[in-house]
Amino acid sequence: MAGTVESTIKFPYKRSLGPVLGAFMTALTEQRIMGIRSGGRVIVPPLEWDPDTGVELAHDFVDVGPAGTVESWTWVAKPTAQHPLDHPFAFALVKLDGADTALMHAVDAGSIDAMSTGMRVAPRWKAERKGHITDLDAFVPGETPETHEGGGAEEPVTMMDYDATITYRIPTTANQLRSDQASEQGRFLGLKCPICNRTYTGGRGYCPIDAIELGEEHEVDLPQKGVITNYTIITPTPYPGQTATEPFSRVHVWLDGTDVVLGYQTLLDVPNDDVHIGMRVEAVWASEGEKVDKDPRMEGNLIGFLPTGEPDNTDPDLVNRLH
Ligand SMILES: [Zn+2]
């Protein structure tokens, strides 16, 4: 049976806010919304530059609101994890009292029927504020802000952390599921093309040479031994989620008698200086259900490859076998 696999990519980053947005975010921690004067206008959120002329603005800040008027809005009926609220709400352009431009933010009105252009809203603040636009939890109908005891940030807010994330689902084919099951059992599942006799790793499901579908009837168990055709020594750079601290190798393993080269595999118990092309290796699997300390990026129960101790393969063309 085919299904889907859900994946999430998260990209954390940090940005410096500068003197204007920094001041705006600092004001948010104090439950204040701040704009900047530009000629006769007040711009909210504040900009560093006059949007009409590009001239740098003096840091002439002014508090606005706290209440304002909805200028336009759109209803979000099914919020995702990335939306500011976990129940239906409106994104709205809110022109705060004293401002000449509108701030886009969430309005938590309860239902779409409670929303209207021209309605009056006031901010609902979060109890814990850190200098982020979401310190302002949402606007709510009415004139009265919902505030909390306590002051703002002890230091001016200068940086902002943000996690950009995307979650997506991809369909898995029956071939991929059987390949994954084989991997759980400590087997490499391949597919052998009946026309060209090439073998492919299990999940692919077609021969790209002959353009035919490959299915269960073409499955073969691939050998557990192979030869290193290429390798990379990776020096880990620190980023969120990186657990490695020392340089480590990743090797390409050509499984014996097949057309399958498994890329970027873990090589076990070999110092980086000893890794070389032509080294004979064998797969090491965790037994079914066994909890092992293995690289979570590796598929199934494959822990990695260990040298077999057999003599090297000295074919000079090995290095060209990358896939
Ligand atoms: Zn073929």
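Residues numbered from 1 in each chain as written. Predicted model: local features only at pLDDT ≥ 70, side-chain atom pairs only at ≥ 80, totals over all residues. Heavy atoms only, no water.

*Asks:* Go over the domain arrangement of the protein chain, please, and point to the residues and values.
*Replies:* Once the domains are mapped, the protein chain shows domain 1 (3–165), domain 2 (173–222) and domain 3 (224–323). The C-alpha centroid of domain 3 is placed 21 Å from the C-alpha centroid of domain 2. In this complex, domain 2 contributes 12 residues to the contact, which on the side of domain 3 involves 14 residues. Summed over both partners, the interface of domain 2 with domain 3 comes to about 1100 Å²; 61% of that surface belongs to carbon and sulfur atoms. Three residues, Glu 184, Phe 188 and Leu 222, lead the burial of domain 2 against domain 3; their summed loss comes to 50% of the area buried on that side. Counting across the domain 2 and domain 3 interface gives 0 salt bridges. (Domains from an automatic or database assignment. Contact = heavy atoms within 4.5 Å. Buried area = accessible area lost by both parts, 1.4 Å probe. Salt bridge = Lys/Arg side-chain N within 4 Å of Asp/Glu carboxyl O.)

*Asks:* Got a sec to walk through a nonpolar patch on the surface? Specific residues and values, please.
*Replies:* Nonpolar side chains collect at one region of the surface, where Val 5, Ile 9, Ile 166, Tyr 168 and Ile 170 lie side by side and expose about 420 Å² of accessible area between them. Mapped onto the nonpolar patch, the elements with two or more residues apiece are strand E1 (3–16) and strand E10 (159–172). Turning to its location among the elements, Ile 166 is positioned in strand E10. (Patch = residues over 30% accessible without salt bridge, like charges linked within 9 Å, V, L, I, M, F, W, Y side chains within 5 Å. Areas by Shrake-Rupley, 256 points an atom, 1.4 Å probe, with all protein chains shown as cover. Helix = DSSP H or I, 4+ residues; strand = E, 2+ residues; numbered from the N terminus.)

*Asks:* Break down the coordination of the zinc ion for me, citing the residues and quoting the values.
*Replies:* Every protein donor of the zinc ion is accounted for by Cys 193 (SG), Cys 196 (SG), Cys 207 (SG) and Asp 210 (OD), and the metal-donor separations fall at 1.9 to 2.3 Å. Around the zinc ion sit 4 donor atoms; with metal-centred angles ranging over 103 to 114 degrees, the donor geometry is tetrahedral. Read in sequence order, the donor residues for the zinc ion give the motif C-x2-C-x10-C-x2-D. Of this pair, Cys 196 sits in the loop between strand E11 (188–192) and strand E12 (199–201) while Cys 207 sits in strand E13 (residues 206–207); the two residues are 11 residues apart in sequence, bridging distant segments of the chain. Residue classification places Cys 196 among the partly exposed residues on the basis of a relative accessible area of 22%. (Donors = N, O, S within 2.8 Å, 3.2 Å for Na, K, Ca; no water. Tetrahedral: all angles 85-135°; square planar, octahedral: opposite > 155°, others 65-115°. Buried < 20%, exposed > 50% of the residue type's maximum accessible area, 1.4 Å probe, protein only.)

*Asks:* Outline the sheet that holds strand E17 (residues 248–255), supporting the account with residue identities and numerical values.
*Replies:* Strand order in the open sheet formed by 5 strands is E18-E17-E16-E19-E20, with antiparallel pairing between adjacent strands. Lying at the two open borders of the sheet, with one neighbouring strand each, are strand E18 (261–266) and strand E20 (302–307). Taken pair by pair, the neighbouring strands of this sheet meet at an average axis angle of 45 degrees, ignoring direction. (Pairing = 2+ DSSP bridges. Axes fitted to C-alpha atoms, helices over the stretch in contact; angles between N-to-C directions.)

*Asks:* Could you give me a rundown of the side chain of Asn 175, with the residues and numbers involved?
*Replies:* Locating Asn 175 in the fold gives a position in helix H2 (residues 174–184). Looking at Asn 175, its side chain comes within polar contact range of the main-chain oxygen of Leu 214, at 2.8 Å. Sequence-distant contacts of Asn 175, defined by excluding residues within four places in its chain, comprise Leu 191, Gly 202, Gly 203, Gly 205, Leu 214, Gly 215, Glu 216 and Glu 219. (Polar contact = N/O pair within 3.5 Å; in protein donor to acceptor, adjacent residues only side chain to side chain.)

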